[in-house]
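Examination of the molecular architecture
Listed here are the chains, written in short residue letters.
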Amino acid sequence: MNTQLKRTSGWIVALTAALMVSGCGRGSNKNVKIDGVDGPRVNFVDNKFTMALTLTQVQFDVGTRIPIPKLPNSYVEVGPDFATNGLLISIGIDARDLVAMAGGQAALLDPTTLPGGRPLPGVAAGELPGLAVQVPKWNDIVFYLGTALFGVFVPVNLPWKDYMGTFRFYDGAGDRIGNLSIVGQDSNGRNSGVLLLINLAGKVGKLAGLQ
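What comes next concerns the included structure.

Criteria and cut-off values
- Residues numbered from 1 in each chain as written.
- Predicted model: local features only at pLDDT ≥ 70, side-chain atom pairs only at ≥ 80, totals over all residues.
- Heavy atoms only, no water.
- Pairing = 2+ DSSP bridges.
- Helix = DSSP H or I, 4+ residues; strand = E, 2+ residues; numbered from the N terminus.
- Axes fitted to C-alpha atoms, helices over the stretch in contact; angles between N-to-C directions.
- Polar contact = N/O pair within 3.5 Å; in protein donor to acceptor, adjacent residues only side chain to side chain.
- Contact = heavy atoms within 4.5 Å.
- Phe/Tyr/Trp six-rings, centres within 6.5 Å; stacked < 30°, edge-to-face > 60°.
- Buried < 20%, exposed > 50% of the residue type's maximum accessible area, 1.4 Å probe, protein only.
- Lys NZ or Arg CZ within 6 Å of the ring centre and 35° of its normal.
- Salt bridge = Lys/Arg side-chain N within 4 Å of Asp/Glu carboxyl O.

Reading across the sheet, the 5 strands line up as 1-2-5-4-3 and stay open at both edges, with antiparallel pairing between neighbours. The open sheet is flanked by strand 1 (37–45) and strand 3 (64–68), the only strands paired with a single partner. Ignoring which end each strand starts from, the neighbouring axes of this sheet average 15° apart. Pairing analysis gives 8 bridges linking strand 2 (residues 48–55) to strand 5 (residues 87–94), with the strands arranged antiparallel. Looking at the pairing, Met-51 lines up with Ile-91 of strand 5.

Laid out in structure tokens, this is it:
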């Protein structure tokens, strides 16, 4: 088997695996399921967009809350998850910070791609204004903040190489609010993870007071 055929075969295996984890939820307002990942789960409470995600196969002993640079009212919180003994990641993005970014402050941030340099899926330019939050004893979480959408990339150790699949993402009420991308390893075997991009022109924007 030549190199090109091996690469194609590997991509087909990765694609098949990703579709298997997605289950039969396509068209039924159900989110893709990823082995080793519980969530993301999103909500809008007390003028904050919240996202929670548990990495069930990652051990983390100490909890900490980290402020997000340029977003004075927002935070990232990481710590052990009691239910699974994995790593719980909680993110709170304040509506005031979303309004400020949508109003022009996002332009002050450097254009940012996926970690490692690959273009952002579903974004025509392949990049958005972004910033990274360093999590002690773990990897950086990257935030993307544009005038029409915002998002977060959470590093997750995924087995697939050169694979990227994008799926519709729904909130707890079954309303589509954005896209969830499964990002496999790059050519160096690194930078895999989960990317959630939220549309500010839709439900979240209304809740945040942007419309």
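The next point concerns the side chain of Lys-48. Note on placement: Lys-48 falls in strand 2. At 3.0 Å, the side chain of Lys-48 and the side chain of Asp-94 are in polar contact. Apart from residues no more than four positions distant in its own chain, Lys-48 is found in contact with Asn-43, Asn-73, Tyr-75, Gly-92, Ile-93 and Asp-94.

Take the packing of aromatic side chains next. For the structure on display, the rule yields 2 aromatic pairs. Geometrically, the ring pair formed by Trp-160 and Tyr-163 is edge-to-face, given 6.0 Å between the ring centres and 75° between the ring planes. Here Trp-160 and Tyr-163 have matching classes, each one buried. Of note, Arg-65 hangs over the ring of Tyr-75, and the distance from its end group to the ring centre comes to 3.8 Å.

Let's shift gears to the pattern of salt bridges. Per the counting criterion, the structure on display carries 4 salt bridges. The salt bridge involving Arg-96 is made with Asp-94; its shortest N-O contact spans 2.9 Å. Each of Lys-48, Asp-94 and Arg-96 takes part in a single network of salt bridges with overlapping partners.

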